[in-house]
Every structure is written in C-alpha cells, then in structure tokens.
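These are the residues of each chain, in order.
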Amino acid sequence: MPQPPWNHRFIAFACLAFVLLSTCALWLPRVVLASKNFVRPEAHPAKTYPAHDDHPDDKLTIAADPYDGSEKAKIFSIKFEEHGFLPVFFIVTNDGEQPVSIANMEVTLITRNRSKLTPVSPADLYRRLANPQAQTRPSPIPIPRRTVKGAITEKQRDEIENSQFAAKAVEPHTTQSGFLFFDVGGISEPLAAANLDITGVADAKGRELMYFEIPMNKYLNAPSNR
C-alpha cells in the first residue's frame, strides 16, 4: 500500500535533522575548547593607563599595566602568582609619522631595594611551571640550561606564547602590546616604589631615544586600585 506524500516528507526531514544534530555534536566540543583559549586583552592608547611615560617630542608613550590582582589574572589559566611570576601588560603607542624600532629595547623592573629584574623568557616560564624550584633569575655564573619539553600542557605553552610582547617595531599611529613576565618570587610588594626602566628605543633613523621611566606607584595609587 503506497504511503501518503506527507510521510515521505516527514522521513526526509527527520533524516536531515539527524545529520545536522550529528554534525553539531561533533563540532561543539571543538567550539567550547576554542572558546577557552587565551585571548590577549585589547590594548588602548598608552596614555590612558595610569602608569605610563609620555615623550611628547618623540610622540611616543609607553605604559605598564600589572596583572597582580586575582580578578585581572583570570584571563590566564596559569596561576602565575603561585609560581612567583608577575605578568605586566606592556603597551607602546606611536603617535608620530615615522616608525619606531624596539628591536633592541631593554626593560628592567627596579624594585625599592634596588633589585633589577628583567623579563623572563618563555623557556624559563616552562621550566618553572614544570619544576617550581627552578631558578629563573640571571646567575653571576653562566650555567647552560636545558629547555624543558613535554613537561607542560599544550594549552599552557600556547597561552605563554600567545601572550608575549614580541613586537620589533611600532608603525605610525599604532599601538603594540603584550605581556612581560617578571620573577618576583620571594619579593614582598614588588611594585611598591618600583620603577620600570626602558632603554634601546630608536627612531626611524636609528637614533636612540631618551630612556623611559615608569613609576609603578602611579599604578598602585590609581583610583581603580585603591
């Protein structure tokens, strides 16, 4: 006995719905996983951050925004504070008409007790995450260090790589940003009365600009941090 036409349409619709639901089921875990990947904060002009140094003549501003609070640090899946690291969001804004080179830039966090801390490398971050007792501060005696491989998760490795400040130049009317990580383990209140010194910034002709100095008390004393 032939089936009514509507019956065929119902069967076809049911098959199509099954295919669509199956496809969604396969892709949904990937979408959820992707949504948990690290997303770098949107950078605003450096002048808008409390802790910044503006060079009007060079039309260049550099800012530092520490991620020292638990709320701000939620953007990371890695609990850097527990491993003795301080993430600092570093922002460079070029309002001039010529590019600025930061390929030879050096950044130093000078604490109130005159300790000089330089950003640690991704390899040092991997090492500390794999071994909490690992030393990441510069040693007076050069000791070869073996890169730790396979000791951290792929997600942690991607988060570290994607968060890094890696720019070598800042084009006219643009802003470059990313994170620098400082080993502050064992240092009480590392930002109090500290300065962030930046040297090695050069103009388009290769002329080194005057150094930048960012007092971190500007950040600590900002109304939003009180």
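Residues numbered from 1 in each chain as written. Predicted model: local features only at pLDDT ≥ 70, side-chain atom pairs only at ≥ 80, totals over all residues. Heavy atoms only, no water.

Q: Whenever I open this one, the pattern of salt bridges confuses me. Can you help?
A: A side chain of one charge can pair with a side chain of the opposite charge when the charged atoms of the two come close. Under the defined criterion, the tally for this structure stands at seven salt bridges. With its nearest N and O atoms 2.4 Å apart, the salt bridge here joins Arg 127 to Asp 124. Of this pair, Arg 127 and Asp 124 are both found in helix α2 (residues 122–130), three residues apart, which corresponds to roughly one turn of the helix. Judged by its relative accessible area of 10%, Asp 124 falls in the buried class. (Salt bridge = Lys/Arg side-chain N within 4 Å of Asp/Glu carboxyl O. Helix = DSSP H or I, 4+ residues; strand = E, 2+ residues; numbered from the N terminus. Buried < 20%, exposed > 50% of the residue type's maximum accessible area, 1.4 Å probe, protein only.)

Q: Sorry if this is basic, but what is going on with the packing of α2 against helix α3 (residues 154–163) here?
A: What describes two packed helices is the angle between their axes and the distance between those same axes. Between α2 and α3, the shortest axis-to-axis distance is 10 Å and the interhelical angle comes to 150°. Viewed along their axes, α2 and α3 adopt a mutual orientation that is roughly antiparallel. Considering the relative orientation of α2 and α3, their crossing is right-handed. Where α2 abuts α3, its residues Pro 122, Leu 125, Tyr 126 and Leu 129 lie against Arg 157, Ile 160 and Glu 161. When its residues are assigned to classes, the contact of α2 with α3 shows five nonpolar, no polar and two charged. (Axes fitted to C-alpha atoms, helices over the stretch in contact; angles between N-to-C directions. Parallel < 35°, antiparallel > 145°, perpendicular 65-115°, else oblique. Left-handed = near helix turned anticlockwise from the far one by under 90°. Contact = heavy atoms within 4.5 Å. Nonpolar A, V, L, I, M, F, W, Y, C, P; charged D, E, K, R; others polar.)

Q: Just to check I follow, could you spell out the sheet that holds strand β2 (residues 60–66) for this structure?
A: Strand pairing in a sheet is mediated by backbone hydrogen bonds. Such pairs are either parallel or antiparallel. With antiparallel pairing, four strands are arranged side by side in an open sheet as β1-β2-β3-β8. The open sheet terminates on both sides in strands that have one partner only, identified here as β1 (52–55) and β8 (174–183). Strand after strand, the sheet turns through a mean of 15° between neighbouring axes, direction not considered. In terms of strand pairing, β2 meets strand β3 (residues 85–94) through seven bridges, oriented antiparallel. When the bridges of β3 are listed, Pro 66 appears paired with Val 88. (Pairing = 2+ DSSP bridges.)

Q: I'm lost on α3 in this one. Help?
A: Side chains three or four residues apart in an α-helix point the same way, a direct result of the helix having 3.6 residues per turn. Taken as a whole, α3 has its buried residues at Glu 159, Ile 160 and Ser 163. Buried residues in α3, looked at end-on, bunch into an arc of 95°, giving them a common side. In the core, the buried residues of α3 are packed alongside α2 and β8. (Arc of directions from axis to C-beta.)

Q: Sorry if this is basic, but what is going on with the packing of aromatic side chains here?
A: Two descriptors summarise a pair of aromatic rings, namely the distance from one centre to the other and the angle between the planes of the rings. Within this structure, the stated rule accounts for ten aromatic pairs. With 5.0 Å between their ring centres and 85° between their planes, Tyr 67 and Phe 179 make a pair best called edge-to-face. Residue Tyr 67 is found in the loop between β2 and β3, and its partner Phe 179 is found in strand β8; the two are separated by 112 residues along the sequence. Note on accessibility: Tyr 67 and Phe 179 belong to one class, buried. With a centroid separation of 4.7 Å and 40° between ring planes, the pair formed by Phe 80 and Phe 181 is classed as tilted. (Phe/Tyr/Trp six-rings, centres within 6.5 Å; stacked < 30°, edge-to-face > 60°.)

Q: Mind showing me how you'd approach the confidence of the model for the chain here?
A: Atom-level detail of predicted coordinates should not be read off regions where pLDDT is low. Within the chain, residue pLDDT values average 83, and 75% of them lie at 70 or more. Scored below 50 in pLDDT, residues 15–35 shows zero contacts in the model against residues more than four places distant or in partner chains. For the stretch residues 137–150, pLDDT sits under 50, and the model shows 19 contacts to residues farther than four places along the chain or on other chains. (pLDDT = per-residue confidence, 0-100.)

Q: So what exactly am I meant to see when it comes to the nonpolar core here?
A: Counting residues in each nonpolar core, the largest one holds 31 residues, and the members touching the most others are Phe 90, Phe 182, Leu 196, Ile 198, Val 201 and Met 216. Contributions of two or more residues to this core are made by β2, β3, β5 (106–110), β8, β9 (195–199) and β10 (212–215). In terms of residues, this core owes the most to one element, β3, which gives four residues. In this view, Met 216 contacts Ala 51, Ala 64, Pro 66, Leu 109, Leu 191, Ala 194, Asn 195 and Leu 196; residues no more than four positions away in its chain are not counted. (Core = buried A, V, L, I, M, F, W, Y, C linked by side-chain atoms within 4.5 Å.)

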